[in-house]
Amino acid sequence: MDGVAEGDGLFPRDHFVEMDVRSEEAYPLAEEWFDEVVFTKKLVLDGEPDWGAIKESLRELREEYDRIALLIVTKKPGLIREAKRRNLKALLYVQGGDMRINRAAIESGVDALISPWLGRKDPGFDHTLAGMASRRGVAVGFSLSPLLRLKPYERALTLRFMMKAWELVRKYRVPRFITSSAEDRWEVRSPRDLMALGVNLGMEPPQARASLNFYPRRILCTPKPPPSARRRSPP
């Protein structure tokens, strides 16, 4: 199932990418386990920020970490569209949960929507959003760290939502990745652990591997093509 990922010479089978590490103390541990690590700056927005200061902060992070992302946490869809309009020179993630935010993130064409089910009573991701995400090349991030903080019943419910989201991601061939989203060193997990999460969500082992290999590498290395030109993806 991963023939494209392994056969084109660009995506070696054992080249693993951690797409979302959110703390300085977690980053070195993730580097020990992954071939590439994306350091994520988390930005909580209630109003228009100083975009110049954010660009400068991201420039400094690029010098230290090379691969970086900006995670927008907000209740205001307009701020997502404004962040997308800015040339921030970083991957742009949006923290999901609010349905208006989930939709705005996908409509804006950000790089990834992280955990659209977060804090919800449903997956926060339906057929309409899945189709739109596939056409616009917006990845869905399956994060482990929120599960670690939940009580057993809440964890079981969230896993059910993640499984439903995975069914739609698979059906519509939405880009995706599995990540720790670690906010401290204790939340960092190995590629094997993250693949195990994928399998528990219903992925076949090659699909779980592609979520740490092919899809992250494609996000990092390839600008989003128009839908008609988008290359074939493994299932």
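Residues numbered from 1 in each chain as written. Predicted model: local features only at pLDDT ≥ 70, side-chain atom pairs only at ≥ 80, totals over all residues. Heavy atoms only, no water.

Asks: Help me understand the overall build of the protein chain in this model?
Replies: Helices and strands together make up the secondary structure of the protein chain, namely eleven helices and seven strands. Each of the 235 residues in the protein chain was classed as buried or not, and the buried ones make up 54%. In the protein chain, 66% of the contacts between residues at least 6 apart in sequence involve partners at least 24 apart. Working note: accessible area of the protein chain is about 10900 Å², and carbon and sulfur atoms make up 50% of it. (Helix = DSSP H or I, 4+ residues; strand = E, 2+ residues; numbered from the N terminus. Buried < 20%, exposed > 50% of the residue type's maximum accessible area, 1.4 Å probe, protein only. Contact = heavy atoms within 4.5 Å. Areas by Shrake-Rupley, 256 points an atom, 1.4 Å probe, with all protein chains shown as cover.)

Asks: So what exactly am I meant to see when it comes to the pattern of salt bridges here?
Replies: Opposite charge on two side chains makes pairing possible when the charged atoms of those side chains draw close. All chains considered together, the criterion is met by 14 salt bridges. Here Arg100 makes a salt bridge to Asp98, at a shortest N to O gap of 3.8 Å. A relative accessible area of 21% places Asp98 in the partly exposed class. A salt bridge links Glu187 to Arg149, with the nearest nitrogen and oxygen atoms 3.1 Å apart. Of the two residues, Glu187 sits in the loop between β7 (176-179) and α9 (191-200) while Arg149 sits in the loop between α7 (145-148) and α8 (152-172), which places them 38 residues apart along the sequence. (Salt bridge = Lys/Arg side-chain N within 4 Å of Asp/Glu carboxyl O.)

Asks: Just to check I follow, could you spell out the sheet that holds strand β6 (residues 139-143) for this structure?
Replies: Hydrogen bonds between backbone atoms are what pair the strands of a sheet, whose relative direction is either parallel or antiparallel. Taken in spatial order, the seven strands make up an open sheet running β1-β2-β3-β4-β5-β6-β7, and their pairing is parallel. If you trace the sheet from one side to the other, it starts and ends with β1 (17-21) and β7, each paired once. Taken over all neighbouring pairs, the strand axes of this sheet differ in orientation by 25° on average, direction set aside. Where β6 and β7 come together, four bridges link them in parallel fashion. Residue pairing across strands places Phe142 opposite Ile178, the latter belonging to β7. (Pairing = 2+ DSSP bridges. Axes fitted to C-alpha atoms, helices over the stretch in contact; angles between N-to-C directions.)

Asks: I'm lost on helix α11 (residues 214-221) in this one. Help?
Replies: Along an α-helix, a turn takes 3.6 residues, which lines up residues three or four apart on a common side. Most of α11 sits inside the fold, with seven of its eight residues counted as buried. Burial in α11 covers these residues: Phe214, Tyr215, Pro216, Arg217, Arg218, Ile219 and Leu220.

Asks: Teacher, can you tell me more about the packing of aromatic side chains here?
Replies: Think of a pair of aromatic rings as described by two things: how far the centres are apart, and how the planes are tilted against each other in angle. Following the criterion strictly, the structure yields six aromatic pairs and no others. For the ring pair Tyr27 and Phe39, a centre distance of 6.2 Å and an interplane angle of 65° mean the geometry is edge-to-face. Note that Tyr27 is positioned in helix α2 (residues 26-33) and Phe39 in strand β2 (residues 36-45), a separation of twelve residues in sequence. Of the two residues, Tyr27 and Phe39, neither departs from the other in class, the shared state being buried. (Phe/Tyr/Trp six-rings, centres within 6.5 Å; stacked < 30°, edge-to-face > 60°.)

Asks: Sorry, what's going on with helix α5 (residues 99-108) here?
Replies: Regarding α5, the residues found buried are Ile101, Asn102, Ala104, Ala105, Ile106 and Ser108. On its buried side, α5 packs onto β3 (68-74), α4 (77-85), β4 (91-95), β5 (112-114) and α6 (127-136). Here α5 starts with a cap whose side-chain oxygen sits 2.8 Å from the backbone nitrogen of Arg100, and that cap is Asp98. Positioned one or two residues after α5, Gly109 has a phi angle of 75°, which is positive. (Polar contact = N/O pair within 3.5 Å; in protein donor to acceptor, adjacent residues only side chain to side chain.)

Asks: Could you clarify how one ought to interpret unusual backbone geometry in this entry?
Replies: What is expected of a backbone is that most residues other than glycine have negative phi and most peptide bonds are trans. Residues other than glycine seldom take positive phi values, yet Asp66 does so here, at roughly 70°. Among the structural elements, Asp66 can be located in the loop between α3 (51-65) and β3. Since its relative accessible area comes to 56%, Asp66 is described here as exposed. We note that Ser181 has phi near 50°; this positive angle belongs to a residue other than glycine. Counting through the fold element by element, Ser181 comes out in the loop between β7 and α9.

Asks: What is the right way to read the nonpolar core from this model?
Replies: Nonpolar side chains in soluble globular proteins tend to be buried together. Among the nonpolar cores identified, the biggest contains 60 residues, and Leu70, Ile72, Val94, Ile106, Phe125 and Phe142 are the most heavily contacted of them. The biggest single contributor to this core is α8, with seven residues. Val38, Ile114, Ala139 and Leu220 belong to the second-largest nonpolar core, a separate cluster that totals 13 residues. (Core = buried A, V, L, I, M, F, W, Y, C linked by side-chain atoms within 4.5 Å.)

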